[in-house]
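Okay, here's what each chain looks like letter by letter:
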Amino acid sequence: MTYALPENAATIETPPLELPRRDALRHWFDGPRSEQSFGADLGLGQGPSFQPAEVRRMRELIKAHMLRTAQEVSPQAVEMLSQTELERFHEIEGYNHARMLSKRGRILPASSVEEIKSMSFFGFVRQLFGEFQLADEEDVGHEQITFRLVRPGRQEDVGSLHCDAWFWDHYGTRLDDGMCRAKVWVPICVEPELNGLRLAPGSHRSPRPYTVKPGQGKVEFVPEFDIHEIGLRQYCGDVGQPVLFNYHTLHVGALNRGRNSRISIETTILYRSECK
């Protein structure tokens, strides 16, 4: 399937991301534990996979949340959506995708967050970062895990090239003294070479200029640099294989060139620095 769309970071051809082996926890930092040193020279790495049963459960939690939202914004589509697999939701007519999947609409409820935090991957997170919490970036009153559903060929379903620190800077979000941030992204339904996430290894060490373009309900960052020169790579991790990356690493969702919708979850880890 081909899509004729303007060239941008989500659509340009990119080679696959080659991830380093990080056999020891110390290899995740190239100095004392801090936001700047996380991910070492590449600014990223692959974590241990969620178990298959855990991935199935996350699918159930996401679908249940979407059905509850549909009851409010697209009640006429609830029955059809309930009978459809998540990755095929885009085939159902009559539901309001934009309202169901608004930024706040993609935040999972506190009970789902607690259940996901009890899964095997977060044991590794605790070993890597020590005591941690998940950021409440939208100020909803509980730790946040958000999901995204990206339909085939729909440019509006992926954001603009950015690093997550830009959002905090733009909104003036405060980070408590001594605390650090890191990002986790997990594919839940994915066709690895046809959709997913793109990252620029090493970009966390070279800040680049950008401007902010307010959009309808979301902020768009416009790069003031050549996107072809930052070394974007396609993350080809399979279902349930998380990638963790520095909060200053440039990344963007890839245009979905597959047949199914891409579903992923993401969260911001907050942890304490070892730097004095």
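The structure presented is a predicted model; accordingly, all values stated were derived computationally and were not measured.

A.B. asks: For the overall build of the protein, give the residues involved together with the corresponding values.
C.D. replies: Counting secondary structure elements, the protein contains 6 helices and 11 strands. In terms of principal-axis extent, the alpha carbons of the protein reach across some 55 × 40 × 35 Å. The buried share among the 276 residues of the protein stands at 52%. When contacts within the protein are restricted to residue pairs at least 6 apart in sequence, long-range pairs at least 24 apart make up 80% of them. Accessible area for the protein stands at about 13,300 Å²; split by element, carbon and sulfur atoms hold 47% of it. Looking at charge distribution, the protein has the averaged site of its 33 positive side-chain charges lying 1 Å from that of its 38 negative ones.

A.B. asks: Before we move on, could you go through the pairing of strand β11 (residues 262-272) and cite the residues and values that matter?
C.D. replies: For β11, the buried fraction is high: 10 of the 11 residues fall into the buried class. In this sheet, β11 lies alongside strand β2 (residues 132-134) in antiparallel orientation, the contact comprising 3 bridges. Note on β11: the bridge partner recorded for Phe132 is Tyr271. As defined by bridge partners, strand β3 (residues 146-150) adjoins β11 across 5 bridges and the pair is classed as antiparallel.

A.B. asks: Outline the side chain of Ser160, listing residues and values.
C.D. replies: One can find Ser160 in the loop between β3 and α6 (164-171). A polar side-chain atom of Ser160 sits 3.0 Å from the main-chain amide nitrogen of Phe221. When neighbours within four sequence positions are excluded, Ser160 is seen to be in contact with Glu220, Phe221, His251 and Val252.

A.B. asks: With reference to specific residues and values, describe the packing of aromatic side chains.
C.D. replies: Counted according to the given criterion, the structure contains 18 aromatic pairs. Between Trp166 and Tyr210 the ring centres are 3.8 Å apart and the planes differ by 20°, which places this aromatic pair in the stacked class. Remark: Tyr210 occurs in strand β6 (residues 210-214) and Trp166 occurs in helix α6; sequence separation between them is 44 residues. Since its relative accessible area comes to 26%, Tyr210 is described here as partly exposed. Ring geometry for Phe167 and Phe221: centres 4.8 Å apart, planes at 80°, overall edge-to-face. Taken together, the residues span a long stretch of sequence, with Phe167 in helix α6 and Phe221 in strand β7 (residues 219-223) at a distance of 54 residues.

A.B. asks: Help me get a handle on the packing of helix α1 (residues 52-73) against helix α4 (residues 110-117), residues and values and all.
C.D. replies: Between α1 and α4, whose axes approach to 11 Å, the crossing angle comes to 175°. Judged by the angle between their axes, α1 and α4 are roughly antiparallel. For the pair formed by α1 and α4, the contact residues are Arg57, Met58 and Leu61 on the first element and Ser112, Glu115 and Ile116 on the second. The residue makeup of the contact of α1 with α4, split by class, is 3 nonpolar, 1 polar and 2 charged.

A.B. asks: A description of the pattern of salt bridges should follow, citing residues and the corresponding values.
C.D. replies: Here the structure, examined in full by the defined rule, presents 16 salt bridges. The partner of Arg174 in a salt bridge is Asp176, and the shortest N-O contact between them spans 2.6 Å. What makes Arg174 exposed here is its relative accessible area of 63%. One network of salt bridges, in which partners are shared, links Arg151, Arg154, Glu156 and Asp157.

Thresholds applied
Residues numbered from 1 in each chain as written. Predicted model: local features only at pLDDT ≥ 70, side-chain atom pairs only at ≥ 80, totals over all residues. Heavy atoms only, no water. Helix = DSSP H or I, 4+ residues; strand = E, 2+ residues; numbered from the N terminus. Buried < 20%, exposed > 50% of the residue type's maximum accessible area, 1.4 Å probe, protein only. Contact = heavy atoms within 4.5 Å. Areas by Shrake-Rupley, 256 points an atom, 1.4 Å probe, with all protein chains shown as cover. Lys, Arg positive; Asp, Glu negative; His and termini not counted. Charge placed at Lys NZ, Arg CZ, Asp CG, Glu CD. Pairing = 2+ DSSP bridges. Polar contact = N/O pair within 3.5 Å; in protein donor to acceptor, adjacent residues only side chain to side chain. Phe/Tyr/Trp six-rings, centres within 6.5 Å; stacked < 30°, edge-to-face > 60°. Axes fitted to C-alpha atoms, helices over the stretch in contact; angles between N-to-C directions. Parallel < 35°, antiparallel > 145°, perpendicular 65-115°, else oblique. Nonpolar A, V, L, I, M, F, W, Y, C, P; charged D, E, K, R; others polar. Salt bridge = Lys/Arg side-chain N within 4 Å of Asp/Glu carboxyl O.

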